[in-house]
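Here is how the chains run, residue by residue.
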Amino acid sequence: MLINHEKLKGFAQAVFERLGAQADKAFETADHLVEANLKGHDSHGVGMIPNYVGSALRGGLQVNADARVVKDQGAVLLVDGGFGFGQVVGRQATDLGIEKAKAMGIACIGSRNNHHLGRIGSYAEQCVAAGMVSIHFVNVVGHPPFVSMWGGRDKRLQTNPFCCGVPTESEPLILDMATSAIALGKVRVADMKNELVPENALFDAAGRPTRDPAVIAEGGSLGPFGQHKGSGLALMCELLGGALAGEWTMQDIDQQKEITVNHMLMLILDPNVFGGVQGFRREVAGMQAYARSAAPAEGFDEVRLPGDPERASRRERLSSGIPIDPQSWGAICEAAENSGLTSSEIAGLVD
Ligand code: NAD
(Lines give C-alpha, C1' and ligand atoms only; values in the text may rest on other atoms or scores of the structure.)
Protein backbone atom coordinates (compact mmCIF):
# COMPACT_ATOMS: atom_id res chain seq x y z
CA MET A 1 0.00 0.00 0.00
CA LEU A 2 0.97 3.64 -0.52
CA ILE A 3 0.12 6.20 2.16
CA ASN A 4 0.31 9.97 1.87
CA HIS A 5 3.01 11.35 4.17
CA GLU A 6 0.72 13.86 5.91
CA LYS A 7 -1.85 11.18 6.74
CA LEU A 8 0.89 8.90 8.02
CA LYS A 9 2.23 11.70 10.20
CA GLY A 10 -1.22 12.41 11.66
CA PHE A 11 -1.66 8.71 12.37
CA ALA A 12 1.75 8.37 14.10
CA GLN A 13 1.09 11.52 16.14
CA ALA A 14 -2.27 10.10 17.28
CA VAL A 15 -0.58 6.85 18.41
CA PHE A 16 1.98 8.75 20.49
CA GLU A 17 -0.66 11.06 21.98
CA ARG A 18 -2.67 7.97 22.97
CA LEU A 19 0.44 6.81 24.84
CA GLY A 20 0.21 10.05 26.83
CA ALA A 21 2.72 12.17 24.90
CA GLN A 22 2.23 15.94 24.77
CA ALA A 23 1.06 17.06 21.32
CA ASP A 24 4.32 18.83 20.38
CA LYS A 25 6.45 15.80 21.32
CA ALA A 26 4.09 13.42 19.53
CA PHE A 27 4.20 15.64 16.45
CA GLU A 28 7.99 16.00 16.44
CA THR A 29 8.51 12.24 16.75
CA ALA A 30 5.92 11.48 14.06
CA ASP A 31 7.45 14.09 11.76
CA HIS A 32 10.96 12.62 12.19
CA LEU A 33 9.78 9.05 11.51
CA VAL A 34 7.82 10.03 8.40
CA GLU A 35 10.78 12.09 7.17
CA ALA A 36 12.89 8.91 7.44
CA ASN A 37 10.30 7.10 5.29
CA LEU A 38 10.31 9.96 2.78
CA LYS A 39 14.10 9.79 2.59
CA GLY A 40 13.91 6.06 1.81
CA HIS A 41 14.92 4.74 5.24
CA ASP A 42 11.84 2.67 6.04
CA SER A 43 13.96 0.91 8.66
CA HIS A 44 13.83 4.13 10.72
CA GLY A 45 10.35 5.32 9.84
CA VAL A 46 6.89 4.40 11.07
CA GLY A 47 7.96 0.75 11.17
CA MET A 48 9.51 1.68 14.55
CA ILE A 49 6.03 2.36 16.03
CA PRO A 50 5.63 -1.19 17.43
CA ASN A 51 9.05 -0.85 19.13
CA TYR A 52 8.12 2.55 20.64
CA VAL A 53 4.63 1.48 21.79
CA GLY A 54 5.99 -1.69 23.39
CA SER A 55 8.75 0.26 25.10
CA ALA A 56 6.35 2.92 26.46
CA LEU A 57 3.89 0.29 27.73
CA ARG A 58 6.75 -1.54 29.50
CA GLY A 59 7.84 1.70 31.17
CA GLY A 60 11.04 2.15 29.15
CA LEU A 61 10.25 5.06 26.83
CA GLN A 62 9.34 8.20 28.84
CA VAL A 63 7.12 9.99 26.35
CA ASN A 64 7.23 13.44 27.98
CA ALA A 65 10.88 13.63 29.06
CA ASP A 66 12.98 16.65 28.08
CA ALA A 67 16.76 16.81 27.77
CA ARG A 68 18.54 18.00 30.93
CA VAL A 69 22.02 19.55 31.11
CA VAL A 70 24.11 17.51 33.55
CA LYS A 71 27.44 19.27 33.00
CA ASP A 72 28.51 22.45 31.20
CA GLN A 73 32.27 22.83 31.16
CA GLY A 74 34.03 24.95 28.55
CA ALA A 75 33.21 23.57 25.11
CA VAL A 76 31.75 20.39 26.59
CA LEU A 77 28.13 19.70 27.44
CA LEU A 78 26.75 16.51 28.95
CA VAL A 79 23.02 16.22 28.32
CA ASP A 80 20.74 13.49 29.68
CA GLY A 81 17.74 12.49 27.59
CA GLY A 82 15.92 10.73 30.46
CA PHE A 83 14.82 7.98 28.01
CA GLY A 84 12.53 10.45 26.27
CA PHE A 85 11.68 10.20 22.58
CA GLY A 86 15.16 10.41 20.99
CA GLN A 87 13.68 12.57 18.24
CA VAL A 88 12.82 15.19 20.90
CA VAL A 89 15.65 14.97 23.41
CA GLY A 90 18.28 14.41 20.70
CA ARG A 91 17.08 17.52 18.87
CA GLN A 92 17.13 19.47 22.16
CA ALA A 93 20.73 18.35 22.89
CA THR A 94 21.72 19.35 19.35
CA ASP A 95 20.09 22.80 19.79
CA LEU A 96 22.17 23.30 22.94
CA GLY A 97 25.31 22.16 21.11
CA ILE A 98 24.73 24.55 18.21
CA GLU A 99 24.38 27.47 20.62
CA LYS A 100 27.64 26.48 22.33
CA ALA A 101 29.46 26.05 19.00
CA LYS A 102 28.29 29.53 17.94
CA ALA A 103 29.74 30.96 21.14
CA MET A 104 32.97 28.94 21.29
CA GLY A 105 33.68 27.82 17.73
CA ILE A 106 33.49 24.17 18.72
CA ALA A 107 31.23 22.15 20.96
CA CYS A 108 31.49 18.55 22.10
CA ILE A 109 28.18 17.17 23.35
CA GLY A 110 27.62 13.93 25.17
CA SER A 111 23.95 13.19 24.59
CA ARG A 112 23.11 10.19 26.74
CA ASN A 113 20.10 8.05 27.66
CA ASN A 114 18.06 8.86 24.59
CA HIS A 115 15.34 6.43 23.63
CA HIS A 116 15.98 5.44 19.97
CA LEU A 117 17.26 8.55 18.13
CA GLY A 118 15.91 7.44 14.76
CA ARG A 119 17.75 8.70 11.68
CA ILE A 120 20.98 10.29 12.90
CA GLY A 121 21.24 12.38 9.72
CA SER A 122 18.44 14.52 11.07
CA TYR A 123 20.77 15.93 13.80
CA ALA A 124 23.47 16.61 11.19
CA GLU A 125 20.85 18.42 9.07
CA GLN A 126 20.00 20.53 12.11
CA CYS A 127 23.67 21.51 12.54
CA VAL A 128 24.18 22.13 8.83
CA ALA A 129 21.08 24.37 8.74
CA ALA A 130 22.86 26.51 11.36
CA GLY A 131 26.00 26.65 9.16
CA MET A 132 27.91 24.11 11.26
CA VAL A 133 29.92 21.00 10.42
CA SER A 134 29.00 18.06 12.65
CA ILE A 135 30.31 14.58 13.46
CA HIS A 136 28.24 12.00 15.34
CA PHE A 137 29.33 8.73 16.94
CA VAL A 138 26.41 6.68 18.27
CA ASN A 139 26.08 3.37 20.12
CA VAL A 140 22.95 1.32 20.73
CA VAL A 141 22.27 -0.43 24.04
CA GLY A 142 19.36 -1.70 26.14
CA HIS A 143 18.91 -4.97 24.31
CA PRO A 144 21.08 -7.88 23.19
CA PRO A 145 23.64 -7.35 20.39
CA PHE A 146 22.90 -8.34 16.78
CA VAL A 147 26.19 -7.42 15.08
CA SER A 148 29.34 -9.53 14.98
CA MET A 149 32.78 -7.99 14.81
CA TRP A 150 34.98 -8.87 11.84
CA GLY A 151 36.17 -12.43 12.37
CA GLY A 152 33.78 -13.13 15.25
CA ARG A 153 30.84 -15.54 15.31
CA ASP A 154 29.26 -14.25 18.53
CA LYS A 155 27.42 -10.93 18.51
CA ARG A 156 29.12 -8.10 20.34
CA LEU A 157 27.72 -4.79 19.05
CA GLN A 158 24.69 -3.12 17.58
CA THR A 159 24.41 -1.23 14.30
CA ASN A 160 26.26 1.79 15.82
CA PRO A 161 25.68 4.63 13.34
CA PHE A 162 28.31 7.17 12.28
CA CYS A 163 27.30 10.45 10.69
CA CYS A 164 28.97 13.60 9.37
CA GLY A 165 27.28 16.70 7.95
CA VAL A 166 28.92 19.47 5.88
CA PRO A 167 27.11 22.65 4.82
CA THR A 168 27.50 23.66 1.19
CA GLU A 169 26.37 26.44 -1.12
CA SER A 170 23.58 24.13 -2.30
CA GLU A 171 22.32 20.85 -0.85
CA PRO A 172 24.20 19.69 2.28
CA LEU A 173 26.46 16.66 2.32
CA ILE A 174 25.11 14.21 4.89
CA LEU A 175 26.98 10.94 5.34
CA ASP A 176 24.72 8.91 7.62
CA MET A 177 25.28 5.20 7.97
CA ALA A 178 24.99 2.15 10.16
CA THR A 179 28.38 0.51 10.73
CA SER A 180 26.80 -2.90 10.15
CA ALA A 181 26.73 -4.04 6.52
CA ILE A 182 23.03 -3.12 6.53
CA ALA A 183 20.78 -1.52 9.16
CA LEU A 184 18.91 -3.96 11.42
CA GLY A 185 15.61 -2.37 10.39
CA LYS A 186 16.40 -3.18 6.76
CA VAL A 187 16.72 -6.85 7.73
CA ARG A 188 13.32 -6.55 9.46
CA VAL A 189 11.82 -4.94 6.35
CA ALA A 190 13.36 -7.61 4.07
CA ASP A 191 11.98 -10.34 6.36
CA MET A 192 8.49 -8.77 6.28
CA LYS A 193 8.65 -8.61 2.47
CA ASN A 194 10.15 -12.12 2.09
CA GLU A 195 13.15 -10.63 0.28
CA LEU A 196 16.84 -11.61 0.43
CA VAL A 197 19.43 -9.16 1.77
CA PRO A 198 22.65 -8.27 -0.13
CA GLU A 199 25.68 -10.59 -0.06
CA ASN A 200 28.08 -10.50 2.92
CA ALA A 201 25.65 -8.70 5.22
CA LEU A 202 24.38 -11.58 7.35
CA PHE A 203 25.82 -14.65 9.02
CA ASP A 204 23.91 -17.60 10.47
CA ALA A 205 24.44 -18.84 14.02
CA ALA A 206 27.34 -21.02 12.82
CA GLY A 207 29.10 -17.99 11.31
CA ARG A 208 28.28 -18.90 7.68
CA PRO A 209 27.38 -16.05 5.28
CA THR A 210 23.73 -16.07 4.16
CA ARG A 211 21.22 -13.77 2.42
CA ASP A 212 18.21 -15.02 4.41
CA PRO A 213 16.93 -12.29 6.82
CA ALA A 214 15.15 -14.93 8.95
CA VAL A 215 18.50 -16.05 10.45
CA ILE A 216 18.49 -13.02 12.73
CA ALA A 217 15.64 -14.57 14.71
CA GLU A 218 17.57 -17.86 14.86
CA GLY A 219 20.80 -16.66 16.45
CA GLY A 220 22.41 -15.21 13.31
CA SER A 221 24.22 -11.87 13.17
CA LEU A 222 24.71 -8.82 10.99
CA GLY A 223 28.29 -8.42 9.85
CA PRO A 224 30.17 -5.08 9.89
CA PHE A 225 30.42 -3.06 6.67
CA GLY A 226 33.85 -3.05 5.04
CA GLN A 227 35.22 -6.03 6.96
CA HIS A 228 37.85 -4.98 9.56
CA LYS A 229 37.46 -1.24 8.80
CA GLY A 230 33.73 -1.11 9.53
CA SER A 231 34.26 -3.33 12.53
CA GLY A 232 36.84 -0.88 13.88
CA LEU A 233 34.63 2.16 13.25
CA ALA A 234 31.70 0.38 14.98
CA LEU A 235 33.93 -0.17 18.01
CA MET A 236 34.90 3.52 18.05
CA CYS A 237 31.17 4.46 17.97
CA GLU A 238 30.69 2.15 20.96
CA LEU A 239 33.58 3.74 22.84
CA LEU A 240 32.98 7.41 21.95
CA GLY A 241 29.16 7.36 21.95
CA GLY A 242 28.79 4.70 24.62
CA ALA A 243 31.76 4.80 26.98
CA LEU A 244 32.53 8.55 26.80
CA ALA A 245 29.11 10.14 26.35
CA GLY A 246 26.82 7.50 27.80
CA GLU A 247 28.94 5.52 30.28
CA TRP A 248 26.98 2.50 29.10
CA THR A 249 28.32 0.03 26.55
CA MET A 250 27.17 -3.30 25.18
CA GLN A 251 29.42 -5.36 27.45
CA ASP A 252 27.05 -4.71 30.41
CA ILE A 253 24.96 -7.84 29.81
CA ASP A 254 22.65 -7.13 32.77
CA GLN A 255 21.40 -4.10 30.82
CA GLN A 256 20.57 -6.10 27.67
CA LYS A 257 16.80 -5.92 28.05
CA GLU A 258 13.94 -4.71 25.84
CA ILE A 259 14.57 -1.02 25.25
CA THR A 260 16.50 0.72 22.48
CA VAL A 261 18.77 3.39 23.92
CA ASN A 262 21.19 5.55 21.93
CA HIS A 263 24.13 7.47 23.35
CA MET A 264 25.64 10.01 20.97
CA LEU A 265 28.90 11.95 21.03
CA MET A 266 28.59 15.03 18.80
CA LEU A 267 31.32 17.37 17.64
CA ILE A 268 29.90 20.60 16.24
CA LEU A 269 32.36 22.89 14.46
CA ASP A 270 31.90 26.44 13.21
CA PRO A 271 33.77 26.71 9.88
CA ASN A 272 34.31 30.39 10.62
CA VAL A 273 36.91 29.69 13.29
CA PHE A 274 39.33 27.99 10.89
CA GLY A 275 40.42 29.74 7.72
CA GLY A 276 37.00 31.35 7.44
CA VAL A 277 33.75 30.17 6.00
CA GLN A 278 34.34 31.55 2.51
CA GLY A 279 37.44 29.48 1.78
CA PHE A 280 35.82 26.40 3.26
CA ARG A 281 32.66 26.77 1.17
CA ARG A 282 34.70 27.44 -1.97
CA GLU A 283 36.73 24.24 -1.49
CA VAL A 284 33.62 22.20 -0.66
CA ALA A 285 31.82 23.45 -3.78
CA GLY A 286 34.89 22.80 -5.92
CA MET A 287 35.33 19.32 -4.51
CA GLN A 288 31.64 18.49 -5.00
CA ALA A 289 31.86 19.47 -8.67
CA TYR A 290 35.16 17.63 -9.11
CA ALA A 291 33.74 14.43 -7.53
CA ARG A 292 30.58 14.59 -9.64
CA SER A 293 32.54 15.17 -12.83
CA ALA A 294 34.06 11.66 -12.73
CA ALA A 295 32.90 9.46 -15.59
CA PRO A 296 30.59 6.71 -14.27
CA ALA A 297 32.07 3.24 -13.81
CA GLU A 298 30.46 0.24 -15.48
CA GLY A 299 26.98 -0.38 -14.08
CA PHE A 300 26.59 3.19 -12.74
CA ASP A 301 24.85 6.17 -14.31
CA GLU A 302 26.61 8.88 -12.27
CA VAL A 303 28.65 9.56 -9.14
CA ARG A 304 26.34 10.35 -6.23
CA LEU A 305 27.41 12.14 -3.05
CA PRO A 306 26.21 11.46 0.52
CA GLY A 307 22.64 12.73 0.89
CA ASP A 308 21.77 12.44 -2.83
CA PRO A 309 19.81 9.16 -2.55
CA GLU A 310 17.74 10.53 0.34
CA ARG A 311 16.82 13.70 -1.60
CA ALA A 312 15.83 11.65 -4.66
CA SER A 313 13.65 9.35 -2.57
CA ARG A 314 12.04 12.32 -0.81
CA ARG A 315 11.12 13.98 -4.10
CA GLU A 316 9.53 10.80 -5.38
CA ARG A 317 7.67 9.77 -2.21
CA LEU A 318 6.28 13.26 -1.59
CA SER A 319 4.27 12.83 -4.77
CA SER A 320 3.74 9.05 -4.97
CA GLY A 321 3.22 8.28 -1.26
CA ILE A 322 5.10 6.06 1.18
CA PRO A 323 5.08 2.33 0.40
CA ILE A 324 4.35 0.02 3.35
CA ASP A 325 4.16 -3.74 2.96
CA PRO A 326 1.11 -5.52 4.45
CA GLN A 327 3.06 -7.34 7.20
CA SER A 328 4.69 -4.15 8.48
CA TRP A 329 1.35 -2.30 8.31
CA GLY A 330 -0.32 -5.14 10.26
CA ALA A 331 2.31 -4.87 13.01
CA ILE A 332 1.98 -1.06 13.08
CA CYS A 333 -1.83 -1.22 13.37
CA GLU A 334 -1.61 -3.83 16.13
CA ALA A 335 0.73 -1.52 18.05
CA ALA A 336 -1.62 1.43 17.41
CA GLU A 337 -4.48 -0.56 18.93
CA ASN A 338 -2.26 -1.42 21.91
CA SER A 339 -1.73 2.30 22.39
CA GLY A 340 -5.51 2.73 22.66
CA LEU A 341 -6.62 3.68 19.14
CA THR A 342 -9.60 1.72 17.81
CA SER A 343 -9.51 0.13 14.35
CA SER A 344 -12.12 2.60 13.10
CA GLU A 345 -10.04 5.52 14.42
CA ILE A 346 -7.02 4.11 12.57
CA ALA A 347 -9.03 3.75 9.38
CA GLY A 348 -10.31 7.33 9.76
CA LEU A 349 -6.75 8.63 10.09
CA VAL A 350 -5.21 6.92 7.07
CA ASP A 351 -8.04 6.27 4.58
P1 NAD B 1 22.57 3.67 3.59
O2 NAD B 1 23.50 2.53 3.41
O3 NAD B 1 21.32 3.66 2.81
O4 NAD B 1 23.34 5.04 3.26
C5 NAD B 1 24.54 5.37 3.92
C6 NAD B 1 25.11 6.67 3.38
O7 NAD B 1 25.56 6.46 2.05
C8 NAD B 1 24.10 7.81 3.28
O9 NAD B 1 24.74 9.00 3.66
C10 NAD B 1 23.71 7.88 1.79
O11 NAD B 1 23.41 9.20 1.39
C12 NAD B 1 24.97 7.39 1.15
N13 NAD B 1 24.71 6.65 -0.08
C14 NAD B 1 23.82 5.66 -0.26
N15 NAD B 1 23.87 5.20 -1.51
C16 NAD B 1 24.82 5.94 -2.17
C17 NAD B 1 25.33 5.94 -3.49
N18 NAD B 1 24.88 5.11 -4.41
N19 NAD B 1 26.30 6.83 -3.79
C20 NAD B 1 26.75 7.70 -2.86
N21 NAD B 1 26.29 7.74 -1.59
C22 NAD B 1 25.34 6.86 -1.24
O23 NAD B 1 22.22 3.87 5.15
P24 NAD B 1 22.21 2.78 6.34
O25 NAD B 1 23.59 2.45 6.74
O26 NAD B 1 21.31 1.68 5.93
O27 NAD B 1 21.55 3.63 7.50
C28 NAD B 1 20.16 3.97 7.40
C29 NAD B 1 19.74 4.85 8.51
O30 NAD B 1 19.70 4.11 9.71
C31 NAD B 1 20.59 6.06 8.81
O32 NAD B 1 19.76 7.21 8.81
C33 NAD B 1 21.13 5.82 10.21
O34 NAD B 1 21.29 6.99 11.01
C35 NAD B 1 20.06 4.95 10.78
N36 NAD B 1 20.52 4.15 11.91
C37 NAD B 1 20.11 4.50 13.15
C38 NAD B 1 20.47 3.72 14.23
C39 NAD B 1 20.02 4.08 15.61
O40 NAD B 1 20.30 3.32 16.52
N41 NAD B 1 19.34 5.18 15.82
C42 NAD B 1 21.27 2.59 14.05
C43 NAD B 1 21.69 2.29 12.76
C44 NAD B 1 21.31 3.06 11.68
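Cut-offs and rules
Residues numbered from 1 in each chain as written. Predicted model: local features only at pLDDT ≥ 70, side-chain atom pairs only at ≥ 80, totals over all residues. Heavy atoms only, no water. Domains from an automatic or database assignment. Buried area = accessible area lost by both parts, 1.4 Å probe. Salt bridge = Lys/Arg side-chain N within 4 Å of Asp/Glu carboxyl O. Polar contact = N/O pair within 3.5 Å; in protein donor to acceptor, adjacent residues only side chain to side chain. Nonpolar A, V, L, I, M, F, W, Y, C, P; charged D, E, K, R; others polar. Buried < 20%, exposed > 50% of the residue type's maximum accessible area, 1.4 Å probe, protein only. Helix = DSSP H or I, 4+ residues; strand = E, 2+ residues; numbered from the N terminus. Pairing = 2+ DSSP bridges. Phe/Tyr/Trp six-rings, centres within 6.5 Å; stacked < 30°, edge-to-face > 60°. Axes fitted to C-alpha atoms, helices over the stretch in contact; angles between N-to-C directions. Contact = heavy atoms within 4.5 Å. 1 Å grid on protein atoms, 1.4 Å probe; cavity = no way out; pocket = protein on both sides within 12 Å on 5 of 7 lines; lining within 4 Å. Points joined across faces, edges and corners; volume = space filled by probe spheres on them. Core = buried A, V, L, I, M, F, W, Y, C linked by side-chain atoms within 4.5 Å. Near = heavy atom within 4 Å. Areas by Shrake-Rupley, 256 points an atom, 1.4 Å probe, with all protein chains shown as cover.

**Student:** I would appreciate a short explanation of the domain arrangement of the protein in the present structure.
**Tutor:** The figure often quoted for interface size is the accessible area lost as the parts come together. Parsing the protein into structural domains produces domain 1 (65–180 + 226–277) and domain 2 (182–222). Each of domain 1 and domain 2 has a C-alpha centre, and the two are 25 Å apart. For the pair domain 1 and domain 2, the two sides together bury roughly 780 Å², of which 56% comes from carbon and sulfur. Here domain 1 is connected to domain 2 by zero salt bridges. Put simply, domain 1 and domain 2 have seven residue pairs in polar contact (both at pLDDT 80 or more) between them. Residue classes in the side of domain 1 that touches domain 2 are distributed as three nonpolar, four polar and two charged.

**Student:** Any chance you could explain the pairing of strand 3 (residues 76–80) here in plain terms?
**Tutor:** Taken residue by residue, a regular strand's side chains alternate between the two faces of the sheet. Within strand 3, four of the five residues are buried, leaving the element largely enclosed by the surrounding structure. In this structure, strand 2 (residues 68–73) lies alongside strand 3, joined through five bridges in antiparallel fashion. Bridge pairing links Q73 to V76 in strand 3. Hairpin connection from strand 2 to strand 3: two residues lie between these consecutive antiparallel strands, with G74 at a positive phi of about 60 degrees. As judged from the five bridges shared by strand 3 and strand 4 (residues 106–115), these two strands associate in the parallel manner. In the strand pairing of strand 4, V76 is matched with C108.

**Student:** It is not clear to me how the packing of aromatic side chains should be interpreted in this structure. Could you clarify?
**Tutor:** Aromatic ring pairs are described here by two measures, namely the spacing of the ring centres and the angle between the planes. The full count for this structure, using the stated rule, is six aromatic pairs. A ring pair is formed by F11 and W329, whose centres lie 5.2 Å apart and whose planes are at 50 degrees; its orientation type is tilted. One end of the pair, F11, is in helix 1 (residues 5–18); the other, W329, is in helix 10 (residues 326–339), with 318 residues separating them in the sequence. Across this residue pair, the class does not change: F11 and W329 are buried. Centre to centre, the rings of F16 and Y52 are 6.2 Å apart; their planes meet at 35 degrees, and the pair counts as tilted. Note that F16 is positioned in helix 1 and Y52 in helix 3 (residues 49–57), a separation of 36 residues in sequence. Chaining the aromatic ring pairs together yields one cluster made of F16, Y52 and F85.

**Student:** It is not clear to me how the sheet that holds strand 3 should be interpreted in this structure. Could you clarify?
**Tutor:** Two orientations exist for strands paired in a sheet by backbone hydrogen bonds: parallel and antiparallel. Read from one edge of the open sheet, seven strands run 2-3-4-13-5-8-9, paired in mixed fashion. The sheet terminates laterally at strand 2 and strand 9 (173–177), the two strands that pair on one side only. The average angle at which neighbouring strand axes cross in this sheet is 10 degrees, direction not considered. As judged from the five bridges shared by strand 8 (residues 162–166) and strand 9, these two strands associate in the antiparallel manner. Across the sheet, residue F162 finds its bridge partner in strand 9, namely M177. On the sheet, helix 4 (residues 86–104) packs against strand 2, strand 3, strand 4 and strand 13 (261–269) and is oriented at approximately 170 degrees with respect to strand 4.

**Student:** Honestly, empty space enclosed by the protein in this entry has me stumped. Any pointers?
**Tutor:** Counting across every chain of the model gives one cavity of 30 Å³ or more. Considering only enclosed or pocket space, the largest cavity measures out at about 110 Å³ in volume. What lines the largest cavity is N37, D42, V46, G47, R188, V189, K193, P323, I324, D325, S328 and I332. Put simply, the parts of the chain that give the lining of the largest cavity at least two residues each are helix 6 (184–192) and helix 10. Within the lining of the largest cavity, the residues separate by chemical class into five nonpolar, three polar and four charged.

**Student:** Is there a simple way to think about the nonpolar core in this case?
**Tutor:** Counting 34 residues, the largest nonpolar core has L8, F11, F16, I49 and W329 as the members making the most contacts within it. Elements with a minimum of two residues in this core: helix 1, helix 2 (23–38), helix 3, helix 10 and helix 11 (343–350). Of the residues forming this core, the biggest block, six residues, is contributed by helix 1. What F16 contacts, discounting residues up to four positions off in sequence, is A21, A26, T29, A30, L33, I49, Y52 and F85. Counting residues in each nonpolar core, the second largest holds 20 residues, with V79, A101, I109 and M266 among its members.

**Student:** Whenever I open this one, the site of the ligand confuses me. Can you help?
**Tutor:** Surrounding the ligand, one finds 22 residues, the nearest of these being D176, A178, K186, G307 and E310. D176 places a side-chain nitrogen or oxygen 2.5 Å from an oxygen atom of the ligand. Here K186 contributes a side-chain N or O atom positioned 2.7 Å from an oxygen atom of the ligand. In isolation the ligand exposes 860 Å². Once the protein is present, 79% of that is buried. When residues of the shell around the ligand are traced back to their parent elements, those giving at least two are strand 9 and helix 9 (308–320).

**Student:** Hey, could you run me through unusual backbone geometry in this one?
**Tutor:** Only a minority of non-glycine residues have a phi that is not negative, and only a minority of peptide bonds are not trans. Here the phi dihedral of F83 falls at roughly 60 degrees; this positive angle occurs in a residue that is not glycine. Position of F83 among the secondary structure elements: in the loop between strand 3 and helix 4. Its relative accessible area of 26% is what places F83 among the partly exposed residues. The phi dihedral of N200 is positive, around 60 degrees, even though this residue is not glycine. Summarising the element assignment, N200 is placed in the loop between helix 6 and strand 10 (202–203).

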